[in-house]
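Coordinate inspection notes
Residues per chain are reported as follows:
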Amino acid sequence: MRELLSNKKILIILIIMNTIFFGFSFLFLTYEYRKNENNYLNDLYKTKKKVYMNQLKVLNQHTDLLKSLLIDDKILKIIANAQNDFNTSRKELIDALYPKYMILKQYGAYQFHFHLPGGISFVRFHDLDIYGDKLFPYRTSIKYVQSTLKPYHGFETGKLVSGFRNVYPLVYNGKLIGSMEISFSMKRLVQYVFEQEYLAMIVKKEVLKNKLLPNAWSNYRICKLNPDYYICGNICKLFDHYYNINFNKKINTVENNLIFSYPLYNVEGKHEGYMLSVIPKKNIEAVYEIQHNYKTLLAFVILGYILVTGVLIFIYNYFKVKQKSQIDYLTKILNRSGCNAKIKTLGNYSVLMLDIDHFKKINDTYGHKVGDEVLKHFVEVVKGIIRKNDIFCRWGGEEFVIILPDTDIETAKIVAEKIRSTVEKETFPHNLHVTVSIGVSQKYKNFEKTLEMADLRLYNAKESGRNRVV
C-alpha cells in the first residue's frame, strides 16, 4: 500500500513537472510570437515612415517646381506694387494667376495664398472674398518665412484648415515684398502618399480651440480613438467603439486594426498632432503568417501537454491495477503473483515457507470470519519481526512465504525461530492461541527449486509434530 501511495506522489510530481515544462513552453512561444510580431511591426513602421517622409519630400519638390513656374518677374512686380496700389495689384494678380489656380485645384491644390510683408493676407485664390486680415498671430510659418527669407515645408494648423504647408518668400530687387503658399488637400495627400491605406490627421483640441473660425469646425470631428483630438479624415468609421489610446506608442492595435501614428510638429517644433495610418491586420500577410505559426505551435504544445499527462495517468493506472492484482485482498501483503514478480530482481536469498497449524479447525469451530481475523493478525505479528526489504506474501489459504534477500540459511533459521516463538506466545482474536510450522531453504538453482525444498521441509516440520522450524 505504501508503494501505491508512493507511486501516486510520483505521478503528482511528474504531472506538476509536465505542467511546468509545458507552461514554460507556452510562455516561451508567446514571448517569441510577440517579439517576432513587434519586430516585424517596428520594421514596417520604420519602412512606412521612410516612404511617408520621402513622398512628402517629392511632393515638396513638385511644389518648388510649381513655384518656379508660376512666379516670374511680372508677378513679382505686381506684388511689389501692392504697397502703392493695393486694389489694382490685387486685381492684376487675380487676372494673371486665377486660371492657373483652377488647374492646380484639379490636381489637389487646396490653398493658393499670397501675403504681404507683416503677414497681411493679399489674395486667397481659394477664397477671394477674404483678404486684408493679419496672419502672424495664427500662421507662424509665414512669420518664419518672411523673417528668415527661407521657404518652409511642413505641418501647421490654421484658421480654416490644418495641413502641410509650402510657404515661400517673395523677393524683388533684393527686397522682401511678401510670401506665397501652395498647400495640397488632405484627400490629395492620401492619394499621393498612401494609396492603399486609410489615412487621417488628428490635431490636439487645445491647439484648435482658440484658432479656428466658426465655419471651419465642419472640417473636424471628435476622434473615436482619443477624445482629446479632433480628426480630419474618415477612419473613425472603421471602429465600433470609443477608445482612449496613447498615440505616443507609435503602434497600436484596435479592433484588429494596426494604427501607426506619426507625430506632427509646427515650424516652432511644437507637437500639435499626428498623422494616422490604419491598416487592417488581415491585409498584412506576414502578421497573419506569424499568428498562424504561433497558433499552430500552441496547438502542438497543448496537444503535447494533454498527451504526456494522459500517458502518465495511463502508466500510473496500469501499474496501480497491476500492483493491486499482486496484493492479497485480505491481508494486504503480496499474493503468489506478486511474490513471483519480486523474486526476479534478487540475487542471493533464503526462503521461509510458513503454515498455520490446524487452521482448518479454527475455521470449522469459529467460522471463516474469525479465521480471517486470525490470518490478518498473524500477518501483523510477522511484519513486526521481518525487515522492510524482506518479501512477505500469502501463498494460498493459511500458507505464507517469506523471502529474505542476502541472507544465509543459518540467519534465516534464526528469523524463522523468532517468528515461531513469537506466534506461539501471541494471543490472537477471541483469545485464541496459534502455532506455526516453518520450512527453511537457501537459494538452490532457481526459485521453484528453492521453494520446493522449503515446502518439503515444511512438510517434515508438520509431520514431526508441528510448531517447529526445519
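Coordinates for the structure precede this section.
Residues numbered from 1 in each chain as written. Predicted model: local features only at pLDDT ≥ 70, side-chain atom pairs only at ≥ 80, totals over all residues. Heavy atoms only, no water.

**What about the packing of helix α2 (residues 73-80) against helix α3 (residues 86-106)?**
For the pair α2 and α3, the least separation of the axes is 8 Å and the interaxial angle reads 155°. Judged by the inter-axis angle, α2 sits roughly antiparallel to α3. The interaxial crossing formed by α2 with α3 has left-handed handedness. Seen from α2, the contacting residues are Ile 75, Ile 78 and Ile 79; seen from α3, they are Ser 89, Glu 92, Leu 93, Ala 96 and Leu 97. Class assignment of the residues belonging to the contact of α2 with α3 gives a composition of 6 nonpolar, 1 polar and 1 charged. (Axes fitted to C-alpha atoms, helices over the stretch in contact; angles between N-to-C directions. Helix = DSSP H or I, 4+ residues; strand = E, 2+ residues; numbered from the N terminus. Parallel < 35°, antiparallel > 145°, perpendicular 65-115°, else oblique. Left-handed = near helix turned anticlockwise from the far one by under 90°. Contact = heavy atoms within 4.5 Å. Nonpolar A, V, L, I, M, F, W, Y, C, P; charged D, E, K, R; others polar.)

**Brief notes about the packing of aromatic side chains**
Geometrically, a pair of aromatic rings is defined through the distance of the ring centres and the angle of the planes. Evaluated as defined, the whole model comprises 24 aromatic pairs. Pairing Tyr 33 with Tyr 294 gives two aromatic rings, centres 4.3 Å apart and planes at 15°, and the pair type is stacked. Highlighted residues: Tyr 33 in helix α1 (residues 2-70) and Tyr 294 in helix α7 (residues 285-325), separated in sequence by 261 residues. By relative accessible area, which is 15% here, Tyr 33 ends up buried. Residue classification places Tyr 294 among the buried residues on the basis of a relative accessible area of 15%. Where Tyr 45 meets Tyr 262, the ring centres are 5.0 Å apart and the plane angle is 15°; that geometry is what we call stacked. (Phe/Tyr/Trp six-rings, centres within 6.5 Å; stacked < 30°, edge-to-face > 60°. Buried < 20%, exposed > 50% of the residue type's maximum accessible area, 1.4 Å probe, protein only.)

**Digging into a nonpolar patch on the surface**
Where nonpolar side chains cluster on the molecular surface, the patch consists of Ile 12, Ile 16, Ile 20, Phe 24, Phe 26 and Leu 27 and spans about 590 Å² of accessible area. Relative to the assigned elements, Phe 26 resides in helix α1. Its relative accessible area of 38% is what places Phe 26 among the partly exposed residues. (Patch = residues over 30% accessible without salt bridge, like charges linked within 9 Å, V, L, I, M, F, W, Y side chains within 5 Å. Areas by Shrake-Rupley, 256 points an atom, 1.4 Å probe, with all protein chains shown as cover. Salt bridge = Lys/Arg side-chain N within 4 Å of Asp/Glu carboxyl O.)

**Looking at the sheet that holds strand β9 (residues 251-254)**
Overall, antiparallel pairing links the 6 strands, which are arranged β7-β8-β6-β11-β10-β9 in an open sheet. Of all the strands in the sheet, the pair left with one neighbour each is β7 (221-222) and β9. (Pairing = 2+ DSSP bridges.)

**Some words on α2**
Of all the positions in α2, only Ile 75, Leu 76, Ile 78 and Ile 79 are classed as buried. Along α2, the residues classed as buried sweep out an arc of 160° about the axis, all on the same side. Counted as exposed and oriented over 90 degrees from the buried face of α2: Lys 74 and Lys 77. Between a side-chain oxygen at the N-terminus of α2 and the backbone nitrogen of Lys 74 the separation is 3.2 Å; the capping residue is Asp 72. (Arc of directions from axis to C-beta. Polar contact = N/O pair within 3.5 Å; in protein donor to acceptor, adjacent residues only side chain to side chain.)

**Some points on the pairing of strand β2 (residues 120-124)**
Most of β2 sits inside the fold, with 4 of its 5 residues counted as buried. Two elements, strand β1 (residues 109-116) and β2, share 4 bridges in a ladder whose sense is antiparallel. In the strand pairing of β2, His 113 is matched with Arg 124.

**Observations concerning the nonpolar core**
Core analysis: the largest hydrophobic core is formed by 31 residues, its most contacted members being Leu 352, Leu 354, Phe 378, Phe 400, Ile 402, Ile 419 and Ile 438. Broken down by secondary-structure element, the contributors of at least two residues to this core are β12 (349-356), α9 (359-366), α10 (368-383), β14 (399-405), α11 (409-425) and β17 (436-442). Of all the elements, α10 adds the most residues to this core, at 7 residues. Dropping the residues within four chain positions of it, Leu 352 is found in contact with Phe 400, Val 401, Ile 402, Leu 404, Ala 412, Val 415, Ala 416, Ile 419, Ile 438, Gly 439 and Val 440. Listed in part, the 28 residues of the second largest apolar core include Leu 44, Phe 164, Leu 199 and Met 275. (Core = buried A, V, L, I, M, F, W, Y, C linked by side-chain atoms within 4.5 Å.)

**Description of the side chain of Thr 331**
By the element assignment, Thr 331 lies in the loop between α7 and α8 (336-343). Of the polar contacts made by the side chain of Thr 331, one reaches the side chain of Asp 328; its length is 2.7 Å. Setting aside anything within four residues of it in sequence, one finds Thr 331 in contact with Leu 375, Val 379 and Arg 394.

**Details of unusual backbone geometry**
A negative phi angle is the norm for most residues apart from glycine, just as the trans form is the norm for most peptide bonds. We note that His 358 has phi near 55°; this positive angle belongs to a residue other than glycine. By the secondary structure assignment, His 358 is in the loop between β12 and α9. On the basis of relative accessible area, His 358 is assigned to the partly exposed category, the value being 48%. Even without a glycine there, the phi angle at Asn 467 is positive, about 50°.

**Observations concerning the packing of α9 against α10**
Look at α9 against α10: their axes get within 7 Å of each other, and the N-to-C directions meet at 140°. Looking at the two axes, α9 sits oblique to α10. Only His 368, Val 370, Gly 371, Val 374 and Leu 375 of α10 make contact with α9, whose side of the interface consists of Phe 359, Ile 362, Asn 363 and Tyr 366. By residue class, the composition of the contact of α9 with α10 is 6 nonpolar, 3 polar and no charged.

**Focus on the pattern of salt bridges**
Pairs can form between side chains of opposite charge once their charged atoms are near each other. Inspection of the entire model under this criterion finds 16 salt bridges. Taken together, the shared-partner salt bridges connect Arg 139, Glu 156, Arg 165 and Glu 181 into one network.

**What about the pairing of β17?**
Counting buried positions along β17 yields 6 of 7 residues, so the element is predominantly enclosed. Pairing of β12 with β17, which is carried by 7 bridges, proceeds in the antiparallel orientation. Bridge pairing in β17 links Ser 350 to Gln 442.

**Let's talk about α9**
Every α-helix carries 3.6 residues per turn, so stepping three or four residues along brings you back to the same face. Buried within α9 are the following residues: Phe 359, Ile 362 and Asn 363. Buried residues along α9 cover an arc of 95° about the axis, so they all sit on one side. The exposed residues of α9 that point more than 90 degrees off its buried face are Lys 360, Lys 361, Asp 364 and Thr 365. Taken together, the buried residues of α9 touch β12, α10 and β16 (432-433). Within two residues after α9, Gly 367 carries a phi angle of roughly 100°, on the positive side.

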